[in-house]
Amino acid sequence: MQDSLLNDFLVECREHLEGIESDLLAIEESGKNVDSELVNKVFRAAHSIKGGAAFFNLSQIKVLAHRTETVLDMIRSGKLQVSPEIINILLNSFDTLRSMINNPDEMDSVDISSQVGALQEIVDNSVTEKERGSFNRSTRLADLSGTCSVNVPEIDVKTAEKEFQYIYLIEYDLLHDIEMAGKSSLMMLNSLSRMGIIVDTLFDIEGVGTLDDEPVNSIVVKLIYRTVVEPDLIETAVEAGHEKIVCIYNPHSKKEKTDDTNADTQKTETFNDAGNDDKGGEAHTANLSQAGSSSVEGRSKNPVTVTETVRINVEALDTLMTHAGELVLSRNQLIDAISRNDQKALKTSAQRLNFVISELQEAVMQTRLQPIGNVFNKFPRMVRDLSKTLNKELHLNIEGKDVELDKTIIEGLSDPLTHMVRNAADHGIESQSERTKKGKPAAGTITLKAFHEAGHVNIELSDDGKGIDSEKIADKAFSMGLITEEKLRGMTDYDKTSLIFLPGLSTAEKVSETSGRGVGMDVVKNNLDRLGGKVSIQSAIGKGTVFNIKLPLTLAIIPSLIIHEEQERFAIPQVNVIELLRIPSVQIKDRLQIVGDTEVVVVRGELIPIVRFADLLGIPKTYIDPNTGNVEIDRRSRVADRRSKRRSIDGRMDVVSAEIEQRRTGKDRRVRAASDVNIVIVSSGLLQYGLVVDNMRNTEEIVVKPLGTHFKKMQEYAGATIMGDGGVALIIDATGLALKAGITSVSAAKNKGNIADLSGSEGEHSLLIFENTPGECCALLLELVLRIEQIAANQVEYKGGIRSMQYRGKSLPLVQLSDAANAGDVPLEKELVVIVTRVSNREIGLLGLMPVSVEERNFIVDTTIHRQPGICGSMIFDEKTVMMIDVFEIIDKVYPEWKTEKKRDERNVGTTVLLAEDSEFFREQVTKYLNDGGYNVIATSDGMEAWEKLQEHKNEVKLVVTDIEMPVMTGLELCKKIRTDKTFSSLPVIALTSLAGDEDREKGLAVGITDYQVKFDRDRLNEGIKRLLS
Amino acid sequence: MINFVDLHEKDHVRFVLDGELVAGGMDKLRESLKRHIENGVQKVVFDMERVSTLDSAGVGFLAAAHNSLVKVNGSIRTVQLSEEMYNFFVSLRLNTHFNIEQRT
């Protein structure tokens, strides 16, 4: 019983301590304008803890709680001004209290002397001289009826007032009240001393008589007793009847605030003053040395464990009861239906049961849900402390504190989030001086956000720090032997950034107290994986990092798609299922393609890799021969058809022979539904792939059962479940399956658009959009535009067959699209613009029409349909066809002599330039420009291919021109490789880019880029090459 | 049952007590003390080193002894008290009536 009471008290203490940290921080922030209600709240928590601790004789807790309560009272009464030092001491004290409450068996060994000393010092420094003089004076105190009064030292009264203690007058007959009850007077008095102070004892020694008198059979003493124990507990604490106790001082009777639950008025108590005159009878012997424990010894000898509890509101309990009742009714109906063999009633009962069980499940789940604020609430204090430790100014924003998650998940989130916040503060946010230099606010911001999305909970942790350098991560991982060069080659920036989850990887220059031991992020990921969560990272250097954690609402019951593969059933968690596809047999050759050696399915223009589920799990595939009905082994190694289109790794479609084209368009042999292909598009983080399965069934809510330890290493399974018919289905782990299939991030490239807003420039170009004629939209790379001038029609001059205008004191040649291409003439009566550009070191003006706009887009140029001189291709913007202008070709057509002036430099003939450019459009254009300059060009589509070609043609290549952003290997990676190879280290490297900011140039220079050139400027590119080669 | 040896020392009688100073075992002690007071002894020292137990009757005895000696202008001292007993006596404020000493 005592253990149970103590356990309840400890649980209550934990509740009191929840939220105290954030309250104290809020008090600190309020400074002089202290929120008294908040201080009251914290005060009441300390007070309750103190009172209960005294009752259970938990002296360490009592003393510490008491001291904190004193300081809090001084704050709320205005006697003490809040300062960070005082808040630190209070935080420290509550930390110690929490620690003792969580480890009750070890609390006696906890050293609280420093906290007590610090708190006492705060109090002492506020004791006035007046208070000190009260030591020698006494006060007359009486009970409410006035019948009982005693003198009590004033200092005790003042102490009681200050420290919220009560003063009682307690009468004991040592013989009858204590010894005859089987207790020891000595032990009783010792016990009282532990719970409070015996201010004075009134013992009528003369009343005992002399040796000549008969020995008395009662020894009555009256104790003036000062204690924190409240009137409703005092009887039990001191083991005396209420008639023997009088409260002669109540600290709350003077206080205005009555919201304290213990602010009762003094009880009217009387006690029996009559001494017991009966001197006969035998005194009961009580052995002084008895170890009999007083009943106020609340702590038993058995270890106390604080059991886990959850607060549930009564409404939720009522709902559960209601559903339980409905369940009983449904059961009864079912039994009745079975006994009558009534099929209709059975069906109705089953439906009802289904409904009620779903409701009940939902209600039970709700009882386990807790707000994520329970975890988030500890971070303000942590960030505050980190701010001091790291000497950085840090702000923490928290959103979505009320989002609820299963208790188990909440508890499991604490450690991973703590580590991630520490990392953000330590590694992410720069120092104040660094931030100021970069033009950022001096204070770094860390944001923790929780929100619901699509049936699960997302937690985002973001910072506005320096971002994660994926190259640095990759280099570190490689140098530590955590990854091979081969694997690195196939990685995108996203993959490389994700390497931070490798065990042992830390790019910290030194290990700090805060972080840097390299044991963090892999543990974070493992912890999150165990919770069924997925973590992904988006980062941009110089801008910041966002970690996104996706979590299920609960781990125990999850909705899943049931699939069939041969004779087996499997469950794929709904959270991983993106969509379901059924490819009719006649569409296989078109919808399923082969990229490199990977089969892919085309879904709304995207290529998603697919794998055969049976192959991954090693299940032999079979099929039913439609003619014989026999089960045969399926010997096909591919899902895709032989007639399926093939692409090279850069996405270009292979050119096929007429024969194959004929076969593709010919009659289909596969016509049966059984030949249709079922694909489940599955996601795991940013990775998406398709699972080819036999059949897809319905979605069911399944109970997740863990697999046995012998299955621990099977990464493809997350657990198992028991189906309605008693059979077992394994639950698929989408990430594990992807790993087993060797799927990396074929689909990740498509998601580059998701972080484009973070990086700002991936794959984007700025285009000037204008019209040639009304409705004929044109685009020109903005890098080529010098100026845009709006002109009147009469400014256009025709002199000697040459179109021009007066411009800045000179004659500006004017051209238009129709000078080279089959396009309309610019109507001069409309609003005219002249786009001034430079070709062959001369300024020329391209005529066009308003409106003119600038678009920043990722665009794909079709180089086939509208291709003609002056137009290098077309694209679709906002459902309009826009023609990409090649201004060089227009000039070449209008002023061919300008080109012949710059004849192919004979010195360049035979000079080979290696070009690396992933965009087919730009690759073609730049190749043309280089050819125009007289160079031989070896064109490649990514850095890896360029490296391979360089080695093949090492004696020929004199210069490398490379794009920056490319798959497989970027331009910077290529340059780095070139510089670190003795054979090529001095080879000039020109970076072609539309990214020309200082930061990008710095990055380029750091890896050895020799020069930066804008992609579409033919003349400057060739001049640049010429300069470098000379 | 309390055993005792009463020793005449310089200006007082020293009762060296041994055993339990509890109800029902103090009659002989009481009588011996009364005889000493009748013979003119004014100062009595109770050596409590070997007192294992003391109850309310024992407190009553000491109080009565004190009252008796006060009547003859005398006093009692209790010496060699264990820490527990010493604290007990202080709690009862017996130290405000007669001298108590804790054993060192």
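Residues numbered from 1 in each chain as written. Chains lettered and ligands numbered in written order. Predicted model: local features only at pLDDT ≥ 70, side-chain atom pairs only at ≥ 80, totals over all residues.

## Details of the overall build of chain B
Regarding its fold elements, chain B presents three helices and five strands. Shown N-terminal to C-terminal, the secondary structure of chain B runs as helices and strands in the order β-β-α-β-α-β-α-β. Taken over 104 residues, chain B has a buried fraction of 44%. Put simply, 60% of the contacts in chain B that link residues at least 6 apart link residues at least 24 apart. (Helix = DSSP H or I, 4+ residues; strand = E, 2+ residues; numbered from the N terminus. Buried ≥ 20, exposed ≤ 12 C-beta atoms within 10 Å, placed from the backbone. Contact = placed C-beta atoms within 7 Å.)

## Some words on the overall build of chain A
Scanning chain A from N- to C-terminus turns up 33 helices and 42 strands. Excluding contacts between residues fewer than 6 apart, the proportion of contacts in chain A whose partners are at least 24 apart in sequence is 67%.

## What about unusual backbone geometry?
As a rule of thumb, non-glycine residues mostly have phi less than zero, and peptide bonds are mostly trans rather than cis. Cis geometry is found at the peptide bond from Met850(A) to Pro851(A), where omega equals 0°. Considering the arrangement of structural elements, one finds Pro851(A) in strand 35 (residues 842-857). For Gln80(B), which is not glycine, the phi dihedral falls at a positive 60°. With respect to the secondary-structure elements, Gln80(B) resides in strand 4 (residues 75-81). Of note in this structure, Arg93(B) is not a glycine but carries a positive phi near 60°. Turning to its location among the elements, Arg93(B) is positioned in the loop between helix 3 (83-91) and strand 5 (99-102). For Arg93(B), a count of 16 C-beta atoms within 10 Å gives the class partly exposed.

## Details of the nonpolar core
Residues and elements named next belong to chain A. Within the largest apolar cluster, 110 residues are counted, with the highest numbers of intra-cluster contacts made by Ile61, Ile167, Tyr168 and Ile170. At nine residues, helix 3 (residues 36-55) tops the list of elements feeding residues into this core. Contact partners of Ile61, with chain neighbours within four places excluded, come to Ile49, Ala53, Leu97, Met100, Ile101 and Met107. Core analysis: the next-biggest nonpolar cluster, separate from the first, contains 39 residues, Leu417, Met420, Leu448 and Ala474 among them. (Core = buried A, V, L, I, M, F, W, Y, C linked by C-beta atoms within 7 Å.)

## Section: the confidence of the model for chain A
Detailed reading of predicted coordinates is not advised where the pLDDT is low. Confidence in the prediction of chain A, expressed as mean pLDDT, is 78, and 80% of residues score 70 or more. Low confidence marks residues 255-304 of chain A, where pLDDT is under 50. Its contacts with residues over four positions away, or in another chain, come to 102 contacts. (pLDDT = per-residue confidence, 0-100.)

## Re the sheet that holds strand 6 (residues 245-249) of chain A
Residues and elements named next belong to chain A. Across the sheet, which stays open at both edges, the four strands sit in the order 4-5-3-6 with antiparallel pairing between neighbours. The strands lining the two open edges of the sheet, one partner per strand, are strand 4 (196-203) and strand 6. Strand-to-strand, the axes of this sheet are offset by a mean angle of 25°, without reference to chain direction. Of the pairings in the sheet, the one linking strand 3 (residues 166-173) to strand 6 comprises four bridges and is antiparallel in character. Its bridge partner being in strand 6, Ile170 is matched across the sheet by Ile245. Docked against the sheet, helix 11 (residues 231-238) engages strand 3 and strand 6, running at close to 135° with respect to strand 6. (Pairing = 2+ DSSP bridges. Axes fitted to C-alpha atoms, helices over the stretch in contact; angles between N-to-C directions.)

## Brief notes about the interface of chain B and chain A
Between chain B and chain A, the residue contacts involve 28 residues of the former and 29 residues of the latter. Sorting the residues of the side of chain B that touches chain A by element identifies helix 1 (27-38), strand 3 (43-54), helix 2 (56-71) and helix 3 of chain B as the ones contributing at least two each. With 11 residues, helix 2 of chain B is the single largest residue contributor to the side of chain B that touches chain A. Residue classes in the side of chain B that touches chain A are distributed as 11 nonpolar, 11 polar and six charged. (Nonpolar A, V, L, I, M, F, W, Y, C, P; charged D, E, K, R; others polar.)

## Considering the environment of Leu69(B)
Residue and element names in this part refer to chain B. Along the chain, Leu69 falls in helix 2. Spatially, the C-alpha atoms of Leu69 and Leu33 are 9.8 Å apart, while their sequence positions differ by 36 residues. Ignoring any residue separated from it by four or fewer positions in sequence, one finds Leu69 in contact with Ile37, Gln42, Val44, Gly74, Ser75 and Ile76.

## Topic: the sheet that holds strand 42 (residues 1011-1014) of chain A
Residues and elements named next belong to chain A. Taking strand neighbours across the sheet as the criterion, the five strands line up as 39-38-40-41-42 in an open arrangement whose pairing is parallel. Unpaired on one side and paired on the other, strand 39 (936-940) and strand 42 mark the two borders of the sheet. Averaged over all pairs of adjacent strands, the angle between their axes in this sheet comes to 25°, without regard to strand direction. The strands touched by helix 31 (residues 971-980) within the sheet are strand 38 (912-916), strand 40 (957-963) and strand 41 (989-993), with strand 40 carrying the most contacts at an inclination of about 150°.

## Details of the pairing of strand 29 (residues 776-781) of chain A
Residue and element names in this part refer to chain A. Relative to strand 29, strand 28 (residues 765-773) runs antiparallel, the two sharing six bridges. Across the sheet, the residue bridging to Leu767 is Leu781, located in strand 29. The antiparallel hairpin formed by strand 28 and strand 29 contains two residues in its connecting segment, where Gly775 sits at a positive phi of about 90°. Sheet topology note: the strand 29/strand 37 (residues 880-885) ladder contains three bridges and is parallel. Paired with Ala779 across the strands is Met884, a residue of strand 37.

## Points about the environment of Asn99(B)
Residues and elements named next belong to chain B. Residue placement: Asn99 occurs in strand 5. The exposure class of Asn99 is exposed, given the 12 C-beta atoms found within 10 Å. Sequence spacing of Asn99 and Val79 is 20 residues, and the spatial spacing of their C-alpha atoms is 8.2 Å.

## Examining helix 3 of chain B
The complete set of buried residues in helix 3 of chain B reads Met85(B), Phe88(B), Phe89(B) and Ser91(B). Projected onto a plane normal to the axis of helix 3 of chain B, the buried residues spread over an arc of 160° and lie on a single side. In this structure, the buried residues of helix 3 of chain B make contact with helix 10 (185-195) and strand 4 of chain A together with strand 3, strand 4 and strand 5 of chain B. Where helix 3 of chain B ends, the next residue or the one after it, Arg93(B), has phi of about 60°, a positive value. (Arc of directions from axis to C-beta.)

## A look at the confidence of the model for chain B
Residue and element names in this part refer to chain B. When pLDDT is averaged along chain B, the result is 89; 100% of the residues meet or exceed 70. Between the elements of chain B, mean pLDDT differs from a low of 85, seen in helix 3, to a high of 93, seen in helix 1. Predicted complex, confidence summary: ipTM 0.90, pTM 0.41.

## Quick look at the pairing of strand 18 (residues 598-603) of chain A
Two strands pair when backbone bridges link them, and strand 17 (residues 592-595) of chain A and strand 18 of chain A are joined in this way by four bridges, in the antiparallel orientation. Looking at strand 18 of chain A, one finds that Val595(A) is bridged to Thr598(A).

## Topic: the packing of helix 5 (residues 84-102) of chain A against helix 6 (residues 113-124) of chain A
Residues and elements named next belong to chain A. One way to put it is that helix 5 packs onto helix 6 with a least axis distance of 10 Å and a crossing angle of 145°. The hand of the helix 5/helix 6 crossing is left-handed. Two secondary-structure elements touch here, helix 5 through Ile86, Ile89, Asn92, Ser93 and Thr96 and helix 6 through Gln115, Ala118, Leu119 and Ile122. Among the residues forming the contact of helix 5 with helix 6, the class breakdown is five nonpolar, four polar and no charged. (Left-handed = near helix turned anticlockwise from the far one by under 90°.)

## Some words on helix 2 (residues 20-30) of chain A
Of the residues making up helix 2 of chain A, those classed as buried are Ile20(A), Glu21(A), Leu24(A) and Ile27(A). What you see down the axis of helix 2 of chain A is that its buried residues fit within an arc of 125°, all on one side.

## Structural notes on the environment of Ser387(A)
Residues and elements named next belong to chain A. Assignment of secondary structure puts Ser387 in helix 15 (residues 379-390). According to the C-beta neighbour criterion, Ser387 is partly exposed, with 18 such atoms within 10 Å. Sequence spacing of Ser387 and Ala425 is 38 residues, and the spatial spacing of their C-alpha atoms is 7.9 Å. Excluding residues within four positions of it along the chain, Ser387 makes contact with Lys392, Glu393 and Leu394.

## Some details on the packing of helix 4 (residues 59-76) of chain A against helix 5 of chain A
Residue and element names in this part refer to chain A. Orientation of helix 4 relative to helix 5, taken along the N-to-C sense of each, is 155°, at an axis distance of 10 Å. As far as their axial angle goes, helix 5 and helix 4 are roughly antiparallel. Note on packing geometry: the crossing formed by helix 4 with helix 5 is left-handed. Of helix 5, the residues touching helix 4 (which contributes Gln60, Ile61, Leu64, Ala65, Thr68 and Val71) are Leu90, Ser93, Phe94, Thr96, Leu97, Met100 and Ile101. A breakdown of the residues in the contact of helix 4 with helix 5 according to their chemical character gives nine nonpolar, four polar and no charged. (Parallel < 35°, antiparallel > 145°, perpendicular 65-115°, else oblique.)

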